[in-house]
Amino acid sequence: VFKNIPEIIPTITLIGMIVIMTLPIKFGLYSTFLIVFLSMIYIFSVKRGTNFYYFVTDNKMLYLGKISYSLYLWHWGILCLSRWTIGIHWWSIPFQIVAIFLAASFSYNYIENPFREGPLMRNLSNLRVIMIGLSTLIISSGPLAIIQGGLKGKLFLGDNKAFLSNISKRLEFTGEHSGRISKKCHTSHIKSFDSLKGNLDLTKEFIGNCYINRQTNYPLFAFIGDSHTLSMFPLSEKLHNDHKFKIFFHSRDDCAFPQQGLTSKNGCYEVMKNMGNFLEKTIIKNNGGIIFTTSYLSSHFGYEGSHRDQFKKYPNGSSESIDKNLSNYIKSLKSLAENIEESNGQLIVVAPLPRHPNFTPDLCSPQWFRPIITDNCLKTEKLFLEKEREHILNSLKNLERLVSNIHVYDVFDELCDTNNCYAVIDKTPMFIDDNHLSQKGAEFIYKSFLKFLTNKNLLILNKD
């Protein structure tokens, strides 16, 4: 057994390195240290005369080692260019690997090696070599400065206007009927996006910008939640115009509503708590009203959600913590509904929307240089998305059955068929990114929304 140790250790070490390189990106920090550590063990354990020694000292392997830095430099550029043009597919990967190898080999043999081994470099002092390197760096930076300066935004040769014209920036939504501007009703822990300018309570200016028909006798319809609510701004505008509701609107980055406790986002708990108190008092004063809350629940309470670790009470992002955070959110919804029930208040909670991990508008728009757009760019498997949100939807549905003035609005099937959910419908983007509805997307679900309100006896047709 001991005679085989020189062979066993490199084998185990190599297998370990391969396994580590397949780990999810969230383990990237630990993987980096482990790869370095195992590489040291691998180098130390390979002995002369073993099969591993002959493998790593083979001329082909040595050549790969020599051009490894060139491979590193070229692989990212070629993969980025591929992603923007033909894409990266199972059939394209062999060609892309060959292109990376040829580019690295060419630059090593005809640029890197001649420059390093040439007579010019051999006859220079270290100081002069450094000065030449710095001069080359400065000169080569010139074209980049030009591109980032005068040519920035002018080098794109494709035509994506028809596709991207349907995607408006959410902070630039302007109310066609009310004249509201969405960014004035949006707050954030990032000061440049915060219409409250750091205040944790509502200001008179904020209320004036975000409360429409305040002095009328029409019913209140309040939109509140995180950036998913911001995507519903066009929906609130149409509801105001068509059915004369009073409209209050507030969205805040990364903050689910109602609040359930402190989070890592500054002001999230305080602002949303104050907003909730304001809405409760407003509904009591008006003897009725509807609160419509939209939050990125799949991110806040999904088992792989990017915001699942922001809640300070249970922050570690484990399944157990997520379940506890979701339970607290459900309790907050129940408490809010009970507080407004005696005043004829109603609470609508939007179920998790479809999301599209592979949808990036710039990369999914048809172009002359992008002849193939893969299916997974424009759609996502429905079964995968249903499993991802199943525990959240079940919790919301159970709550709806228990509390009479809570209603769950699920628009999932409007954006999906039997097998897939779609980021683009009839050549029109329903989303602006992988999870936020576009203006056209919000308008697309409007009929479904009115039908939902009618079925729940929540739609009051106001007449002048």
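Our structure's up above, just so we're on the same page.
Residues numbered from 1 in each chain as written. Predicted model: local features only at pLDDT ≥ 70, side-chain atom pairs only at ≥ 80, totals over all residues. Heavy atoms only, no water.

**Quick look at the side chain of Thr380**
So, point 1. Considering the arrangement of structural elements, one finds Thr380 in strand S7 (residues 379–381).
So, point 2. Taking the relative accessible area as the measure of exposure, Thr380 reaches 9% and is therefore buried.
So, point 3. In this view, Thr380 contacts Arg355, His356, Pro357, Leu385, Asn419, Asn420 and Cys421; residues no more than four positions away in its chain are not counted. (Helix = DSSP H or I, 4+ residues; strand = E, 2+ residues; numbered from the N terminus. Buried < 20%, exposed > 50% of the residue type's maximum accessible area, 1.4 Å probe, protein only. Contact = heavy atoms within 4.5 Å.)

**Digging into the nonpolar core**
So, point 1. If you look at the biggest cluster of nonpolar residues, it comprises 78 residues, and the most contacted ones within it are Phe221, Phe248 and Phe292.
So, point 2. Sequence-distant contacts of Phe248, that is, excluding residues within four places in its chain, are made with Leu202, Phe206, Cys210, Tyr211, Leu220, Phe221, Ala222, Phe223, Met275, Phe278 and Leu279.
So, point 3. Counting six residues, the second largest nonpolar core, distinct from the first, contains Met17, Ile20, Leu38 and Phe52. (Core = buried A, V, L, I, M, F, W, Y, C linked by side-chain atoms within 4.5 Å.)

**Details of the environment of Phe257**
So, point 1. Positionally, Phe257 belongs in the loop between strand S4 (246–252) and helix H13 (268–286).
So, point 2. Excluding anything up to four places from it in sequence, Phe257 contacts Ile224, Gly225, Met272, Gly276, Leu279, Ile291, Thr293, Ser295, Tyr329, Leu333 and Leu336.

**A closer look at the packing of aromatic side chains**
So, point 1. Within this structure, the stated rule accounts for 21 aromatic pairs.
So, point 2. Seen in terms of ring centroids, Tyr211 and Phe278 are 6.4 Å apart; in terms of plane orientation they differ by 85°. Their pairing is edge-to-face. Of this pair, Tyr211 sits in strand S2 (residues 211–212) while Phe278 sits in helix H13, and the two are 67 residues apart along the sequence.
So, point 3. With relative accessibility at 10%, the residue Tyr211 sits in the buried group.
So, point 4. A relative accessible area of 17% means that Phe278 is categorised as buried.
So, point 5. Here Lys238 stacks its cationic end above the ring of Tyr446, 4.9 Å away from the centre of that ring.
So, point 6. Just above the ring of Phe412 sits the side chain of Arg389; from NZ or CZ to the centre is 3.8 Å. (Phe/Tyr/Trp six-rings, centres within 6.5 Å; stacked < 30°, edge-to-face > 60°. Lys NZ or Arg CZ within 6 Å of the ring centre and 35° of its normal.)

**Quick word on unusual backbone geometry**
A negative phi holds for most residues other than glycine; trans holds for most peptide bonds.
So, point 1. Omega for the bond connecting Phe257 with Pro258 falls within 30 degrees of zero, at 0°, which places this linkage in the cis form.
So, point 2. Residue position: Pro258 is located in the loop between S4 and H13.
So, point 3. Phi is positive for Asp426, which is not a glycine, with a value near 50°.
So, point 4. Relative to the assigned elements, Asp426 resides in the loop between strand S10 (424–425) and strand S11 (428–429).

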